[in-house]
Amino acid sequence: MDAINFEKMTSVENLLLAWKEFLHGKRNKEDVEIFQLHFMDNILSLHKDLRNKAYKHGGYVAFNISDPKPRNIHKANVRDRLLHHAIYRILYPNFDSKFIHDSYSCRINKGTHKAVNRFRDFSLKASKNNTETCFVLKCDIKKFFANIDHEILKEILSKTVFDTDILWLLFQVIDSFSTKPEVEVGLPLGNLTSQLLVNIYMNEFDQYVKRELKVKHYIRYADDFVILSDDKKYLEELLPKISDFLEKELKLQLHPDKVYIKTIASGVDFLGWVNFSKHRVLRTSTKRRMFKRLKENPKEESQQSYLGMLSRGNTYKLKNKLSILP
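Residues numbered from 1 in each chain as written. Predicted model: local features only at pLDDT ≥ 70, side-chain atom pairs only at ≥ 80, totals over all residues. Heavy atoms only, no water.

Colleague: Please give an account of the sheet that holds strand β6 (residues 260-263) that cites residues and values.
Modeller: An order of β4-β5-β3-β6 is seen for the 4 strands of this open sheet, with the pairing classed as antiparallel. Both edges of this open sheet fall to β4 (218-221) and β6, since each of them pairs with a single strand only. Strand-to-strand twist in this sheet, taken as the mean axis angle between neighbours without regard to direction, amounts to 20°. Bridge analysis of β4 against strand β5 (residues 224-229) gives 4 bridges, and the strand direction is antiparallel. Bridged to Y221 within β5 is D224. (Pairing = 2+ DSSP bridges. Helix = DSSP H or I, 4+ residues; strand = E, 2+ residues; numbered from the N terminus. Axes fitted to C-alpha atoms, helices over the stretch in contact; angles between N-to-C directions.)

Listed below in structure tokens is the structure:
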């Protein structure tokens with residue numbers, strides 16, 4: 001991690017570059033406009049507080065969204081969110097290079113589209129081009145963001161980040177939020193830094209799966225992960241090892257209702273698509289949400305956005321229904 005340092009992260013130049021990134025899509029927000037009234041004063045004040053170690057992270061405003069399931073979002077103030085961007089733009093490149101190839105959440109040139117394509121590729125390999133039965137172990141972590149343990153996360157960071165000033169700043173952000181008053185756990189869904197921090201946290205698990213368990217066909221997207229194999233017994237034997245590691249090393253638990261082993265032929269629900277050996281179809285709940293949102297916002301750009309999503313699977317009838325076939 002010698003490519004980064006506290007001076008670079010907290011420099012006025014980095015704060016200004018972070019502001020440009022933060023501003024995207026938020027220019028007309030009231031809190032952003034207020035911050036901009038005394039823009040350079042606010043930038044220089046933040047810079048000074050960081051350099052003098054006088055910086056304290058503020059509180060959060062909580063609100064709920066449905067995306068598609070109900071989520072509790074915690075939004076920091078503009079000053080703190082600007083800092084999250086400044087931290088992220090320096091830390092991300094250094095950590096991203098340490099992640100496994102098949103971690104797909106919140107990473108440049110990754111995402112759900114690449115993950116479901118990788119799923120298709122792995123299913124072909126595991127089934128030897130659909131000549132054998134392919135089994136899929138599908139797992140989901142229970143209340144993922146809410147149960148990230150602060151002390152474990154800090155320990156992981158301390159093994160890789162050797163600049164004590166950067167650690168001080170990261171710990172300020174981590175300790176600014178907790179889902180339980182009695183213990184320090186949880187990261188806020190509204191923070192940009194949370195996306196990177198959970199990947200750093202789960203990289204411990206990714207490395208265990210790949211290096212210790214030597215799993216070939218493993219894909220993770222946030223708290224959702226799958227392992228594909230032509231051997232059902234192999235997957236059954238992996239499950240307790242996976243569960244033990246998550247509980248002992250990361251204090252995370254698998255969701256008891258969202259762990260199963262199925263065949264590809266029966267259809268595996270992963271990242272909004274029900275995946276089969278030779279095709280994939282849109283999940284029913286995703287379909288309903290799409291029609292609802294298009295009814296609320298029937299603009300051309302919305303239709304084009306969904307058309308792009310539909311092009312990733314077998315959706316000819318859906319395209320006809322939307323009347324957006326070329």
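Having seen the model, we can carry on.
Colleague: Quick one: what's the story with the sheet that holds strand β8 (residues 273-275), residue by residue and with numbers?
Modeller: Read from one edge to the other, the open sheet built from 3 strands follows the order β7-β8-β9, with strand pairing classed as antiparallel. If you trace the sheet from one side to the other, it starts and ends with β7 (268-270) and β9 (280-282), each paired once. The average angle at which neighbouring strand axes cross in this sheet is 30°, direction not considered. Of the strand pairs in this sheet, β8 and β9 are connected by 3 bridges, and their pairing is antiparallel. Note on β9: the bridge partner recorded for W273 is L282. On top of the sheet, helix α6 (residues 112-126) reaches β7, β8 and β9; it is set at about 150° to β7, its chief contact. (Contact = heavy atoms within 4.5 Å.)

Colleague: With reference to specific residues and values, describe the side chain of S229.
Modeller: Relative to the helices and strands, S229 resides in strand β5. By relative accessible area, S229 is classed as buried at 8%. At a separation of 3.0 Å, a polar atom in the side chain of S229 contacts the main-chain amide nitrogen of D231. Here S229 is in contact with A126, T133, C134, F135, Y234 and L235, once residues within four sequence places are set aside. (Buried < 20%, exposed > 50% of the residue type's maximum accessible area, 1.4 Å probe, protein only. Polar contact = N/O pair within 3.5 Å; in protein donor to acceptor, adjacent residues only side chain to side chain.)

Colleague: Pulling in residues and values, what's your account of the nonpolar core?
Modeller: Soluble globular proteins: nonpolar side chains tend toward being buried together. Residues F144, L157, F205, F225, I242, L246 and L250 are the most contacted members of the largest nonpolar core, which totals 69 residues. Core analysis: the next-biggest nonpolar cluster, separate from the first, contains 17 residues, V116, F119, I264 and W273 among them. (Core = buried A, V, L, I, M, F, W, Y, C linked by side-chain atoms within 4.5 Å.)

Colleague: Report on the side chain of D80, specifying residues and quantitative values.
Modeller: Position of D80 relative to the elements: it lies in helix α5 (residues 78-96). Polar contacts involving the side chain of D80 include one to the main-chain amide nitrogen of G58, which spans 2.8 Å. Discounting chain neighbours no more than four positions away, the residues touching D80 are Y55, K56, H57 and G58.

Colleague: An account of the packing of aromatic side chains is needed here, citing residue identities and associated values.
Modeller: Summed over the entire model, instances satisfying the criterion amount to 14 aromatic pairs. Consider the rings of Y218 and F225, whose centres lie 6.0 Å apart with planes at 55°: the pair is tilted. F225 shares its class with Y218; the two are buried. Here a set of aromatic residues connected by ring pairs shows up, and it is made of F205, Y208, Y218, F225 and F245. The lysine or arginine in question, K53, covers the ring of W168, its NZ or CZ lying 5.6 Å from the ring centre. The side chain of K154 reaches across the aromatic face of F171, ending 5.2 Å from its centre. (Phe/Tyr/Trp six-rings, centres within 6.5 Å; stacked < 30°, edge-to-face > 60°. Lys NZ or Arg CZ within 6 Å of the ring centre and 35° of its normal.)

Colleague: Now, about the packing of α5 against helix α9 (residues 192-212): what can you tell me, with residues and values included?
Modeller: Orientation of α5 relative to α9, taken along the N-to-C sense of each, is 25°, at an axis distance of 9 Å. By the angle between their axes, α5 is roughly parallel relative to α9. In this structure, α5 meets α9 at a crossing whose hand is left-handed. Residues H84, H85, I87, Y88, L91, Y92 and F95 of α5 pack against L192, T193, L196 and I200 of α9. Of the residues assigned to the contact of α5 with α9, the class counts are 8 nonpolar, 3 polar and no charged. (Parallel < 35°, antiparallel > 145°, perpendicular 65-115°, else oblique. Left-handed = near helix turned anticlockwise from the far one by under 90°. Nonpolar A, V, L, I, M, F, W, Y, C, P; charged D, E, K, R; others polar.)

Colleague: Give a detailed account of the packing of helix α4 (residues 39-51) against α5, specifying residues and quantitative values.
Modeller: Helix-helix packing is described using two parameters, namely the angle between the two axes and the distance between the axes. α5 packs onto α4 with a crossing angle of 65° between their chain directions and a minimal axis gap of 11 Å. Between α4 and α5, the angle is such that the two are roughly perpendicular. Considering how the two elements wind past one another, α4 and α5 form a crossing that is right-handed. Residue-level contacts link I43, S45, L46, D49 and L50 of α4 to R79, L82 and L83 of α5. The class makeup of the residues in the contact of α4 with α5 is 5 nonpolar, 1 polar and 2 charged.

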